[in-house]
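Spelled out, the chains give:
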Amino acid sequence: MEFSEIVCRLREVLNNLVRQVDSIYSADTKNNKLCASFTTIHMPSVFSSFADGLTVFLIMDEIIAQNGHIKHYASLFMRMLNAVKMEPVKFCMAAENVDCLERVVNQCDGVLEIGLFQRFVQDLMLNESTQKLRSNKRFLEENFFCLREGLLDILSRLDSLKEVPSERRRIVGYMALFILQSWLTVDPPEKKGARVIVEVLRRLPVVHADNNIRFVLLDLLLAQLPPSMTSWSPLKEVMKESAAIKNHYLLKMDEVLSRDSQTIRASLTSWIAAFHSSMSPMMQLSEAQATLEIRTKQIIQGLLLANRLQHILRSTIDLHVLFEIPIKKEKLKSLCHVSVLLKAVENVFYRKHFEISQSLPHIINLVQSHIESLLQPVKAQLEQDLSRRSQPNNMTFLSSLTRSGKDADTKAIDSLAAVDLALKMLQGGGSDTRQVVFHLAVDVINGTSGHLETDHSRVRKLISKLALIAEYDTVVGAVTNCSFLYWRREMMSTWFSMVYAQEDRALWLQYLVNAFCDGLRLLKVSKVNVSSLDSYEMEIEKSLANEIIEPLCRDIETDLRLHVHSAHLKGSVNVNPTKLKPLRISSKYIYIKSRVENYLNAAFYNHAAMAPHDWKTYSEMRHLAEQKYGLELDDIHLPGQKLEQGVDLLEIMHNIHIFVASHTYNINTQVFIEKVSNAPNRKNLITVGVKHVANSIRTHGIGIISTTVNFAYHFLAQKFVGFSQFLLDDHIQSCLVKEYRFWKGNKGNPNGYPYERAETVKKDIRKVALGDGGLTSLEHFRHLISEMGNALGLVRMVRSGGLNYSSSTCGFVYDMKSRVSFEDASRELNLQEAVIEAGKILDKSLDNQYMSLEKTNYFKILTNVFSQELQSNENAHLREFFLLVPALTINAAEAMLEGKDKILKRSRDAVNAIFTDDGFVLGVAYILKVLGQETQFDSLHWFTSATQHFKKKIFHLEGDTEAGQTRGGLSGLNLWNQKNLTVSNEETQNLKTDVRQLQKYLAELELIQFGFVCARTFLY
């Protein structure tokens, strides 16, 4: 219905216009005296408007021809309408509405058969009111004159930076006038006009009217001209050269793309700088007019540059598609650059929209004042000649207009009225109505006062300038519109990939996105459904993801991997995501930086989860990404690296001797960590924690706790046998007896047990034959104590696992300390016996659990069971064990330092690397408590003595280092004389190394001391 209304209204307007023009140029001027003075006037604005109306018909015909589904769906709609017509009530329609709709559909069907343009021409020839056009030679001459002059005017500016927007579309309109002329007259065009038509066909074989609507002018003429014109000789010549003309035009456009794009780029760069300068808010009021002149010039120059860029972009792409010739890669890069430049012009206009909006009314007034200054002399001269006309015997130029004085007066008065009307139209804004009236008045002035001293070319330029400025918003939107790329979406991926391939073109990305997003505006104007809009948005977003975001993510990840292995590699990523602003696609934004961050977060987490031994590599890559690219990545939060069930406590219990030997215990986190030597061919280590024990208790029941303690008891009993045998050794006994005598003699010494004696004891015990694996007897003894401590650590962890299980299973049970009885509560509520019995069973179960977890001290049990036996006279050889602890701590500190140094090494020796062995301190504390030697050990003040020993050595070495570093000067000489030292640089470095090593020893001894104190706390 809407289409039908538009077509009908346009026909009425054009028919009315034709009748008016026919009346003006009619030969019967006697019956139409009002128009007598206008018969000799050229009215190009009228015929140009008539051509615009005909162009609309041709564009509609082309749209219908390109869409092959219209006719098919029209026939289907007609069938459906016949069914509706049979039962209109069933479809909730009135019979008269159905009849009206049927008439409209029939009319549209007729239009689809022959075309809107041909239908209009036929109606024009068959209409009684317009049939006399064939005999109105003046009308036909004027029509051809206007189309010829219009084409010549356009050809003079064609393919230059002076080309005005929409001029190429006007060429289609003038061709429509030529087709109408050919239908109205049987005579071929004159030679001048024929040459103009042929020149247009040669220079511009293809015209792009709007979006993807193109006209091959020769095909248009052959399809619309009457059959008699096909034998027109100029047209035949063009037909013969048609293929060559098209190929030449395509080569010309390719050449223009290579040649003119560079020139336009330079012009655009200078224009942007000049435009920003001219639009600066810092203006002098005294220079307001000059400023407006500059702004007018800059605005028009920008519009013409954008129009030229749009023509090059649209024509080049469409011609290659039309002639099915592939575009070379270099041409594609140039076209991509042209589209970026076009959207850059739009962006410049958008950013300065406020300043332009403020200036536009003043610019329009300024242009109007310039036109007014040219028309005022004409008005003055006409008024002067009319006043002289009233005087006798005075001949003026008006007498040359016509032989009749009355006709001269009439033309002079009409001219003066036209000038007054034009001046009045210049007093207001530049609305469409005012412009139409003004153009008609100027046509009248040019036709009736042609001998006046008027600069017609300058008036035309100012009128063209006024039309551009008055329709500024519309013109900017038209010349920067890239909605024609909607039909060339296959170039989207290619252009995006080209932008990504070159680092300096990263800022082009938003302009390219804006260019393809213009298709959304076209779809919105077409009133398509929301799904079509979303589909096109998704297509753009998907192309960005495939050609920009995903390659960027992959390249950054690859670059980070390379840099982790070599810090000397240069970056391989073309686009830095932190330098890219969020891309706007219609109503949404795409944050490329966030997309990259999400990708890397997921990649690092997944890779680290699949290969946990590489977690450190991905952690380094995360830090490198933050430093190099400014990416804010999350920490790699891996899970606890264990199954829900994990290692079974029952299996550990049956192989407790293997478990305590192959794992080290951490007293703070209550975790057993597998030794590296136990997993030589694996890249991961097994850990056992409280959660594993709780899961095992949940599986096997709480009774497994007592069983584990029983297994630990038997294991400790076996180890105490080996412990006793070691201390029975004669060499060990002799060393301990000697140290016992020293302790007895220096029992009240506040300095404690000397570190040197502990070192001596360690060296003496080393003289004992080496055991298995190249370990000394002292190291074997230390391992035995560590295994005993690990067994005790397992007991402690089992108790913690039981508490964890109890808290999870009894999370909703009352506080056990309140001692509420379910049995008593059931009796008070007079519940059934079965419920009371159930409450009794629950009370008993909770009491058993409370007793087993809260009131059972397993360490105390394991201590008491061995204390009486080991402190008896039969085991008197164990009474000096506390004197062996200093030597054991020194050996443990040395072993721990050696193990920690091997952690970062990848040699064969790295299998002995450890970083914790709290089983040793727990075992020492347990044995001292079992043997009742805690007070005796405390009297040694061993840890205080060892700490003071290392601090003194560090102090003396640091003093020597400072003396070695003192060079020159009187103070240096005095210090040298005082210490009597001469230390070289190499010796100074050696001293610093010794200081660092002693500091490590001291720190390790302090850690052993802290762990020992913690272990003694657990045992009390």
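Values in this document were obtained by computation on a predicted structure and should not be read as measured data.

K.L.:
Please give an account of the overall build of the protein that cites residues and values.
P.N.:
Of regular secondary structure, the protein possesses 39 helices and seven strands. Taken across its 1020 residues, the protein has 47% of its residues classed as buried. If you sum the accessible surface of the protein, you get close to 52700 Å²; carbon and sulfur atoms cover 54% of it.

K.L.:
For the environment of Gly-519, give the residues involved together with the corresponding values.
P.N.:
Position of Gly-519 among the secondary structure elements: in helix H20 (residues 508-525). On the basis of relative accessibility, which here comes to 1%, the residue Gly-519 falls in the buried class. Considered as a pair, Gly-519 and Leu-485 are 34 residues apart in the sequence and their alpha carbons are 6.9 Å apart. Excluding its chain neighbours within four sequence positions, the residues that come into contact with Gly-519 are Ser-483, Tyr-486 and Tyr-536.

K.L.:
Summarise the pairing of strand S2 (residues 213-216); cite the residues concerned and give the values.
P.N.:
Here S2 shows no split at all, with Ile-213 and Phe-215 on one side and Arg-214 and Val-216 on the other all buried. Sheet topology note: the strand S1 (residues 206-210)/S2 ladder contains four bridges and is antiparallel. Residue pairing across strands places Val-206 opposite Val-216, the latter belonging to S2. Between S1 and the antiparallel strand that follows it, S2, lie two residues; Asn-211 among them carries a positive phi value of about 50 degrees.

K.L.:
Give me helix H11 (residues 242-278): which residues, what numbers.
P.N.:
In this model, H11 (37 residues) spans only 47 Å end to end at C-alpha, well below the 54 Å of a helix rising 1.5 Å per residue. At Asp-260, H11 shows its maximal kink, close to 35 degrees.

K.L.:
Could you give an account of unusual backbone geometry, naming the residues involved and the relevant values?
P.N.:
The phi angle at Asn-211 is positive, at roughly 50 degrees, despite the residue not being glycine. A residue is classified by how much of its surface remains accessible, and Asn-211, at 14% relative accessible area, is buried. The phi dihedral of Lys-527 falls on the positive side, at around 60 degrees, and the residue is not glycine. Tracing the backbone shows Lys-527 in the loop between H20 and helix H21 (530-565). Given a relative accessible area of 68%, Lys-527 falls into the exposed group.

K.L.:
Report on the sheet that holds strand S6 (residues 671-674), specifying residues and quantitative values.
P.N.:
What links the strands of a sheet is backbone hydrogen bonding, and the strands pair in either a parallel or an antiparallel sense. In spatial order, the strands read S5-S6-S7; together these three strands make up an open sheet with antiparallel pairing. Each edge of the open sheet is held by one strand with a lone partner, namely strand S5 (663-666) and strand S7 (687-688). Both S6 and S7 contribute to a ladder of two bridges, which runs antiparallel. Opposite Phe-672, over in S7, you have Val-688 as the bridge partner.

K.L.:
Give a description of the nonpolar core that names residues and reports values.
P.N.:
Membership of the largest hydrophobic core comes to 181 residues, with the highest contact counts inside it found for Leu-54, Trp-495 and Ile-592. With 12 residues, helix H12 (residues 288-322) is the largest single contributor of residues to this core. Ignoring any residue separated from it by four or fewer positions in sequence, one finds Leu-54 in contact with Leu-14, Phe-117, Phe-120, Ala-176, Leu-177 and Leu-180. By size, the runner-up hydrophobic cluster in this structure holds 88 residues, among which are Ala-893, Trp-942, Leu-991 and Ile-1008.

K.L.:
For the packing of aromatic side chains, give the residues involved together with the corresponding values.
P.N.:
If you walk through the whole model with that rule in mind, you get 34 aromatic pairs. Taken together, a centroid distance of 4.1 Å and an interplanar angle of 15 degrees make the contact between Phe-726 and Phe-781 stacked. Of this pair, Phe-726 sits in helix H27 (residues 704-727) while Phe-781 sits in helix H30 (residues 777-809), and the two are 55 residues apart along the sequence. Measuring from centroid to centroid gives 5.0 Å for Tyr-755 and Phe-950, while their planes differ by 70 degrees, and the two rings are edge-to-face. Note that Tyr-755 is positioned in helix H29 (residues 755-766) and Phe-950 in helix H37 (residues 942-965), a separation of 195 residues in sequence. Judged by its relative accessible area of 9%, Tyr-755 falls in the buried class. With relative accessibility at 3%, the residue Phe-950 sits in the buried group. Three or more aromatic residues joined by ring pairs make a cluster, and in this case those are Tyr-713, Phe-720, Phe-723, Phe-726, Phe-781, Phe-866, Phe-881 and Tyr-926.

K.L.:
I'd like to hear about the pattern of salt bridges, residue by residue, with values.
P.N.:
According to the stated counting rule, one finds 35 salt bridges in the structure shown. Linking Glu-12 and Arg-9 is a salt bridge whose minimum nitrogen-to-oxygen distance equals 3.5 Å. Remark: Arg-9 and Glu-12 occur in helix H1 (residues 2-24); sequence separation between them is three residues, near one turn of the helix. Judged by its relative accessible area of 48%, Glu-12 falls in the partly exposed class.

K.L.:
With reference to specific residues and values, describe H21.
P.N.:
Taking 1.5 Å of rise per residue, the 36 residues of H21 would be expected to cover 52 Å, and the 50 Å separating its terminal C-alpha atoms lies within 8% of that figure. The largest bend in H21 comes to about 45 degrees, at Ala-545.

K.L.:
Let's hear about the side chain of Gln-435: which residues, and what values?
P.N.:
Note on placement: Gln-435 falls in helix H16 (residues 432-448). Of the residues examined, Gln-435 reaches a relative accessible area of 12% and is grouped as buried. Once you skip the residues sitting within four places of it in the chain, Gln-435 turns out to touch Gly-430, Ala-467, Ala-470 and Glu-471.

K.L.:
Just give me the short version of the confidence of the model for the protein, but keep the residues and values in it.
P.N.:
On average, residues of the protein score 81 in pLDDT, and 85% of them are at 70 or above. For the protein, the element scoring lowest by mean pLDDT is helix H38 (residues 969-979), at 44; helix H35 (residues 918-931) scores highest, at 93. The model gives residues 393-405 a pLDDT under 50, and that stretch makes 18 contacts with residues more than four places away or in other chains.

K.L.:
Which residues make up the packing of H27 against helix H33 (residues 858-870), and what are the values?
P.N.:
H33 packs onto H27 with a crossing angle of 30 degrees between their chain directions and a minimal axis gap of 11 Å. It follows from the interaxial angle that H27 and H33 lie roughly parallel. Both H27 and H33 take part in a crossing whose hand is right-handed. Facing Ile-705, Val-709, Tyr-713, Leu-716, Ala-717 and Phe-720 of H27, the residues of H33 in contact are Tyr-858, Leu-862, Val-865, Phe-866 and Leu-870. Residue composition of the contact of H27 with H33, grouped by class: 11 nonpolar, no polar and no charged.

K.L.:
For the packing of helix H5 (residues 116-126) against helix H7 (residues 167-184), give the residues involved together with the corresponding values.
P.N.:
At a closest axis distance of 11 Å, the pairing of H5 and H7 adopts a crossing angle of 40 degrees. One way to sum up the angle between H5 and H7 is to call them oblique. Classified by chirality, the crossing of H7 by H5 is right-handed. Along its contact with H5, which presents Phe-117, Gln-118, Val-121, Leu-124 and Met-125, the element H7 presents Ala-176, Ile-179, Leu-180, Trp-183 and Leu-184. Within the contact of H5 with H7, the residues separate by chemical class into nine nonpolar, one polar and no charged.

K.L.:
So what's going on with the side chain of His-877? Which residues, and what values?
P.N.:
When you line up the elements, His-877 lands in the loop between H33 and helix H34 (885-901). With relative accessibility at 12%, the residue His-877 sits in the buried group. Among the polar contacts made by the side chain of His-877, one reaches the side chain of Ser-724 at a distance of 2.7 Å. Once you skip the residues sitting within four places of it in the chain, His-877 turns out to touch Ser-724, Leu-727, Leu-728 and Gln-733.

K.L.:
Talk me through a nonpolar patch on the surface; I want residue IDs and the actual numbers.
P.N.:
Judged by side-chain polarity, Leu-829, Leu-831 and Val-835 come together as a nonpolar surface patch covering roughly 260 Å² of accessible area. Tracing the backbone through its elements, the reader meets Val-835 in helix H32 (residues 833-853).

What counts and how
- Residues numbered from 1 in each chain as written.
- Predicted model: local features only at pLDDT ≥ 70, side-chain atom pairs only at ≥ 80, totals over all residues.
- Heavy atoms only, no water.
- Helix = DSSP H or I, 4+ residues; strand = E, 2+ residues; numbered from the N terminus.
- Buried < 20%, exposed > 50% of the residue type's maximum accessible area, 1.4 Å probe, protein only.
- Areas by Shrake-Rupley, 256 points an atom, 1.4 Å probe, with all protein chains shown as cover.
- Contact = heavy atoms within 4.5 Å.
- Pairing = 2+ DSSP bridges.
- Expected span 1.5 Å × (residues − 1).
- Bend = angle between axes of the 7 residues up to and from the residue.
- Core = buried A, V, L, I, M, F, W, Y, C linked by side-chain atoms within 4.5 Å.
- Phe/Tyr/Trp six-rings, centres within 6.5 Å; stacked < 30°, edge-to-face > 60°.
- Salt bridge = Lys/Arg side-chain N within 4 Å of Asp/Glu carboxyl O.
- pLDDT = per-residue confidence, 0-100.
- Axes fitted to C-alpha atoms, helices over the stretch in contact; angles between N-to-C directions.
- Parallel < 35°, antiparallel > 145°, perpendicular 65-115°, else oblique.
- Left-handed = near helix turned anticlockwise from the far one by under 90°.
- Nonpolar A, V, L, I, M, F, W, Y, C, P; charged D, E, K, R; others polar.
- Polar contact = N/O pair within 3.5 Å; in protein donor to acceptor, adjacent residues only side chain to side chain.
- Patch = residues over 30% accessible without salt bridge, like charges linked within 9 Å, V, L, I, M, F, W, Y side chains within 5 Å.

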